Amino acid sequence: MVSSRRVTTSDDMEISTYLEIAEELRGGQPLPREEPLGREREAVAVIDFGSQYSMLIARRVRECHVYCELLPHDAAWERVASLHPKGFILSGGPASVYDPGAPLAPDYVYESGLPILGICYGLQVLTHQLGGRVAPGMRCEYGHAILHQNATESPIFAGLPPSMTVWMSHGDRIEEVPPGFTTIAFTENSPIAAMGNGHGIIGLQFHPEVAHTPQGKTILENFLYKICGCQGTWTPGNFVVESVRGIREEVSGGKVICALSGGVDSAVTATLVHHAIGDQLTCIFVNNGLLRREEDERILNTFQRNMKMNLIYVDATDRFLEKLNGVIDPEVKRRVVGEEFIRVFEEEAARIGKVDFLAQGTLYPDVIESVSPESRASAKIKTHHNVGGLPKTMTLTLLEPLRYLFKDEVREVGLELGLPEEMVWRQPFPGPGLAIRIIGEVTRERLETLRAADWIVMNEIKKANLYRQLWQSFAVLPDVRSVGVMGDYRTYGHVVAIRAVTSEDAMTADWARLPYDLLARISNRIANEVPGVNRVVYDISSKPPSTIEWE
Ligand code: XMP
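The shown structure was predicted, so the numbers you read here are calculated from the model rather than taken from an experiment.

Undergrad: Can you walk me through the side chain of Asn534 in this structure?
TA: By the element assignment, Asn534 lies in strand S23 (residues 533–538). According to the relative accessible area criterion, Asn534 is buried, its value standing at 17%. Within polar-contact distance, the side chain of Asn534 engages the side chain of Thr491 at 3.0 Å. Residues within four places of Asn534 in sequence aside, it is in contact with Ser482, Val483, Gly484, Thr491, Tyr492, Gly493 and His494.

This is how it looks when you write it as structure tokens:
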């Protein structure tokens, strides 16, 4: 049986009231309400030639508080123009300008008269297209190099020492700069490691965007601020102001639904949309009974009690556990939980009546990685095409206010909106929840055992100030029993495994070298405080060959 609770804020509540509530949550700090940027916020277009570092360039530019978008090298001018760029960055890429059909910069890049920064392949493209000479590399240059500035002072190196460490990763190199350019820096293996024309066009053979180039951020800042004339106005506060206006315009008088999971992305999405349109938004939170201790209360507290959101809370624990009864295959668990979520969500959404939009926490990396990002932006989607699962009869427009943000920016926006730190910095948690951390059958008893152990792991990791440094840290309940001794008695109890990993993006992960005394405390507490557990082990496997989750 699904029991649902609905709490509705009063219909006549003004948007301004919501803003005031958010202000209260933020300790009285007013949110910026004035339009500080005008329609044309400052931006830079990053032309992507397919480098593994392209996304990193975009992140670094954003870290300099300048908005940018990563655009394919064949992007139409109209699309680029809508950004009102103050400059272009040409990324690196795997091609050689001599390859047949090698990607080149579109003419508008040069015709715009705007500053251009070519990085690695981007430098070679500049050289090739502007009349210089690129030589096929006899050997690759990969790794650290010492860059020496020539006597000519270029604003790109303003404030930097005459020599500095940079990171190289290239095959071809520049033999001759184009007419009007001079060499502004060299390394032992690259006589032309940086060039400029004195009119805002700069090429760098090395990668300023990677951490291995310690002064890279200053180099990018110099390009953005000193050469493009940007002011660094891309801040979470400004993003909130712009998004609120955009959401209000787009939604107008329509109705929006949003599935809250407790994760950062959906939490920030819901808060932002709520901020913009108040009770035109309804959130649905399905408690599948597979959450960690206190997680459901935290969500209710934050969104329902503090923010006074329209929140439909569905405690569907019984329903999920019934479906999981006897299921031990991990993929079947995933399917069962996913399908049941869709059913519950559909049922609840159908009760709301006519809905126009579905708000989703899609982030920029997903957009970049998808084949045709823009075609999805405003596409009308049919229920069954959507991962969230919606009533079959509904045609909804996706509302994705975070689709141009990176994860760290989403966190900053969350804090700006007054979300609790705990929610903003929450480690990733899988949709199928504890079901895939209980090896074998998922029962209420085993869920309780795992919740109690997991609670201790999380508490101790937080106390040791390691929570944010770890990608994930949690407990697993294997389907194993072992012999132990407690007092004078032999026990035959459960084993709990601790899993803690560091990672950048979950594609690969390393097991965390947690301090021994922390592991000892966790082990001791679990064995003493969690009934039925007499053994604790630490998982020292990395991904690959393991995965982060056990199932
Ligand atoms: P693995 O275990 O494959 O996990 O190394 C990589 C990341 O994905 C999360 N994960 C999931 N998230 N549904 C989700 O929403 C799933 O079925 C699922 N399986 C794994 C995992 O927690 C880690 O962050």
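Picking up where we left off.
Undergrad: Even after reading the chapter, I still don't get the nonpolar core, so can you show me in this structure?
TA: General note: in soluble globular proteins, nonpolar side chains tend to be found buried as a group. Counting 119 residues, the largest nonpolar core has Leu90, Val256, Phe303, Leu514 and Ile526 as the members making the most contacts within it. The next biggest cluster of nonpolar side chains, apart from the first, holds 38 residues, and it includes Val46, Ala58, Met164 and Val367.

Undergrad: I would appreciate a short explanation of the pairing of strand S7 (residues 141–149) in the present structure.
TA: For a regular strand, side-chain orientation follows a simple rule: the groups alternate between the two sheet faces. Across 8 bridges, S7 lies against strand S8 (residues 163–170) in antiparallel orientation. Bridge pairing in S8 links Leu147 to Met164. Across 2 bridges, the pairing between S7 and strand S10 (residues 182–186) is antiparallel. By the bridge assignment for S10, His148 is matched with Phe186.

Undergrad: Is there a simple way to explain the site of the ligand in this structure?
TA: Residues in close proximity to the ligand total 13 residues, the closest being Arg334, Gln472, Lys543, Ile548 and Glu549. At a separation of 3.0 Å, an oxygen atom of the ligand approaches a polar backbone atom of Gly431. Within the side chain of Lys543, a nitrogen or oxygen atom sits 2.7 Å from an oxygen atom of the ligand. In terms of residue class, the shell around the ligand is made up of 7 nonpolar, 3 polar and 3 charged.

Undergrad: Would you explain the packing of helix H10 (residues 317–324) against helix H11 (residues 330–352) in this entry?
TA: The geometry of a pair of packed helices is captured by two quantities: the angle between their axes and the separation between those axes. Running from N to C, H10 and H11 point in directions that differ by 145°, and their axes come no closer than 10 Å. Classified by chirality, the crossing of H11 by H10 is right-handed. Of the residues in H11, those touching H10 at Arg319, Phe320, Lys323 and Leu324 are Lys333, Val336, Val337, Glu340, Phe341, Arg343, Val344 and Glu347.

Undergrad: What am I meant to see in unusual backbone geometry here?
TA: The phi angle of most residues is negative, glycine excepted, and most peptide bonds adopt the trans form. A cis amide bond links Lys543 to the next residue, Pro544, at an omega of -15°. Position of Pro544 relative to the elements: it lies in the segment after S23. The amide bond that connects Pro544 to the next residue, Pro545, takes the cis arrangement and shows omega of 10°. In this model, Asn465 sits at a positive phi of 60°, which is unusual for a non-glycine residue. Since its relative accessible area comes to 63%, Asn465 is described here as exposed. Of note in the backbone geometry, Ala506 takes a positive phi value of approximately 75° without being a glycine. Among the secondary structure elements, Ala506 is positioned in the loop between strand S21 (489–502) and strand S22 (510–511).

Undergrad: Sorry, what's going on with the pattern of salt bridges here?
TA: If charged atoms from side chains of opposite charge come close, those side chains can pair. Tallied over the full model, the rule gives 31 salt bridges. Across the salt bridge formed by Arg60 and Glu63, the nearest N and O atoms sit 3.1 Å from each other. Separated by 3 residues within a single helix, Arg60 and Glu63 lie in helix H2 (residues 54–63), roughly one turn from each other. Its relative accessible area of 19% is what places Arg60 among the buried residues. Across the pair Glu331 and Arg334 runs a salt bridge whose closest N-O atoms are separated by 2.9 Å. Residue Glu331 and its partner Arg334 are both found in helix H11; the two are separated by 3 residues, about one turn of the helix. Accessibility expressed as a relative area gives 28% for Arg334, which makes it partly exposed. Because the salt bridges share partners, they merge into one network encompassing Glu460, Lys463, Arg521, Arg525 and Glu529.

Undergrad: Just to check I follow, could you spell out the sheet that holds strand S11 (residues 194–196) for this structure?
TA: Whether parallel or antiparallel, the strands of a sheet pair through hydrogen bonds between backbone atoms. The sheet built from 9 strands is open, its strands ordered S3-S2-S4-S5-S12-S11-S10-S7-S8 with mixed pairing. Looking at the sheet topology across the chains shown, the edges are occupied by strand S3 (67–72) and S8. Direction aside, the axes of adjacent strands within the sheet are offset by 25° on average. The sheet contact formed by strand S2 (residues 43–48) and S3 spans 6 bridges and is parallel. When the bridges of S3 are listed, Val44 appears paired with Cys68. Contacts from helix H5 (residues 121–129) reach strand S4 (85–90), strand S5 (116–119), S8, S11 and strand S12 (201–204), with the element oriented near 120° to S5. The strands touched by helix H6 (residues 216–227) within the sheet are S2, S4, S5, S8 and S12, with S5 carrying the most contacts at an inclination of about 165°.

Rules used throughout
- Residues numbered from 1 in each chain as written.
- Predicted model: local features only at pLDDT ≥ 70, side-chain atom pairs only at ≥ 80, totals over all residues.
- Heavy atoms only, no water.
- Helix = DSSP H or I, 4+ residues; strand = E, 2+ residues; numbered from the N terminus.
- Buried < 20%, exposed > 50% of the residue type's maximum accessible area, 1.4 Å probe, protein only.
- Polar contact = N/O pair within 3.5 Å; in protein donor to acceptor, adjacent residues only side chain to side chain.
- Contact = heavy atoms within 4.5 Å.
- Core = buried A, V, L, I, M, F, W, Y, C linked by side-chain atoms within 4.5 Å.
- Pairing = 2+ DSSP bridges.
- Near = heavy atom within 4 Å.
- Nonpolar A, V, L, I, M, F, W, Y, C, P; charged D, E, K, R; others polar.
- Axes fitted to C-alpha atoms, helices over the stretch in contact; angles between N-to-C directions.
- Left-handed = near helix turned anticlockwise from the far one by under 90°.
- Salt bridge = Lys/Arg side-chain N within 4 Å of Asp/Glu carboxyl O.

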